[in-house]
Amino acid sequence: MKKASDILMYFGGLMILAAAIMKPMLIEFHYHPVAPWIMAIGVVLVIIYRIINPLKGSDKKRITRLQMQLFFSSLAYCFAVYLLYNNDSRWVVTLLIAAIIDLVVIFRLPSQQ
């Protein structure tokens, strides 16, 4: 099950990246932009991964804080999808904020031995 959930996270992240690249290219399907829908599916996959695989560690206070940061990152991803769907250019900033929060959490994760 661990491998399947990892593939879920990678595929979700790849879909978010693909949507971020497709939006400036104005790729459409029957005159409807597809980037917001691809990003929405990718964000849903990332959130499902985070629900299935919560962080684990010995320090409960630290893990709770990191989980809360991931929650705010997920909210930022959802808000970026909303802004992308409404064709607002601020979706780039919110996507960047979510990515920076994810990067901070990755560097602060407890080492697994």
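Each value, and the rule that gives it
- Residues numbered from 1 in each chain as written.
- Predicted model: local features only at pLDDT ≥ 70, side-chain atom pairs only at ≥ 80, totals over all residues.
- Heavy atoms only, no water.
- Helix = DSSP H or I, 4+ residues; strand = E, 2+ residues; numbered from the N terminus.
- Buried < 20%, exposed > 50% of the residue type's maximum accessible area, 1.4 Å probe, protein only.
- Contact = heavy atoms within 4.5 Å.
- Expected span 1.5 Å × (residues − 1).
- Core = buried A, V, L, I, M, F, W, Y, C linked by side-chain atoms within 4.5 Å.
- Axes fitted to C-alpha atoms, helices over the stretch in contact; angles between N-to-C directions.
- Parallel < 35°, antiparallel > 145°, perpendicular 65-115°, else oblique.
- Left-handed = near helix turned anticlockwise from the far one by under 90°.
- Nonpolar A, V, L, I, M, F, W, Y, C, P; charged D, E, K, R; others polar.
- Polar contact = N/O pair within 3.5 Å; in protein donor to acceptor, adjacent residues only side chain to side chain.

The subject of this paragraph is the overall build of the chain. Looking only at helices and strands, one finds four helices and two strands in the chain. Start at the N end of the chain and walk to the C end: the helices and strands fall as α-β-β-α-α-α. Each principal axis of the C-alpha distribution contributes one length, and for the chain these read about 50 × 30 × 15 Å. Counting the 113 residues in the chain, one finds 33% classified as buried. Sequence separation of 24 or more characterises 65% of the internal contacts of the chain that already satisfy a separation of 6 or more.

Taking 1.5 Å of rise per residue, the 18 residues of helix α2 (residues 35-52) would be expected to cover 26 Å, and the 26 Å separating its terminal C-alpha atoms lies within 8% of that figure. Within α2 the residues assigned to the buried category are Ala35, Pro36, Met39, Gly42, Val43, Leu45, Val46, Tyr49 and Arg50.

Turning to the nonpolar core, a few remarks are in order. Counting residues in hydrophobic clusters, the biggest one holds 17 residues, and the most contacted among them are Ile16, Met39, Val43, Tyr77, Trp91 and Leu95. Not counting the four nearest positions on each side in its chain, Tyr77 is found in contact with Ile16, Val43, Arg50, Leu95, Ala98, Ala99 and Asp102.

So, on to the packing of helix α3 (residues 60-85) against helix α4 (residues 91-108). Put simply, α3 and α4 touch, their axes get as near as 8 Å, and they point 160 degrees apart. In terms of axis orientation, α3 runs roughly antiparallel to α4. The handedness of the crossing between α3 and α4 is left-handed. Touching Arg62, Leu66, Gln69, Leu70, Ser73, Ala76, Tyr77, Phe79, Ala80, Leu83 and Leu84 of α3 are Trp91, Thr94, Leu95, Ala98, Ala99, Ile101, Asp102, Val105 and Arg108, all from α4. Grouping the amino acids of the contact of α3 with α4 by side-chain chemistry returns 14 nonpolar, three polar and three charged.

Moving on, we get to the environment of Phe11. Tracing the chain through its elements places Phe11 in helix α1 (residues 2-25). Residue classification places Phe11 among the partly exposed positions, given a relative accessible area of 46%. Taking the C-alpha atoms as reference points, Phe11 and Asp102, separated by 91 residues in sequence, lie 16 Å from one another.

Turning to its location among the elements, Asp102 is positioned in helix α4. Residues Asp102 and Gln69, spaced 33 residues apart in sequence, show a C-alpha to C-alpha distance of 8.0 Å. Residues within four places of Asp102 in sequence aside, it is in contact with Arg50, Leu70, Ser73 and Tyr77. Side chain to side chain, Asp102 and Ser73 meet in a polar contact 2.7 Å long.

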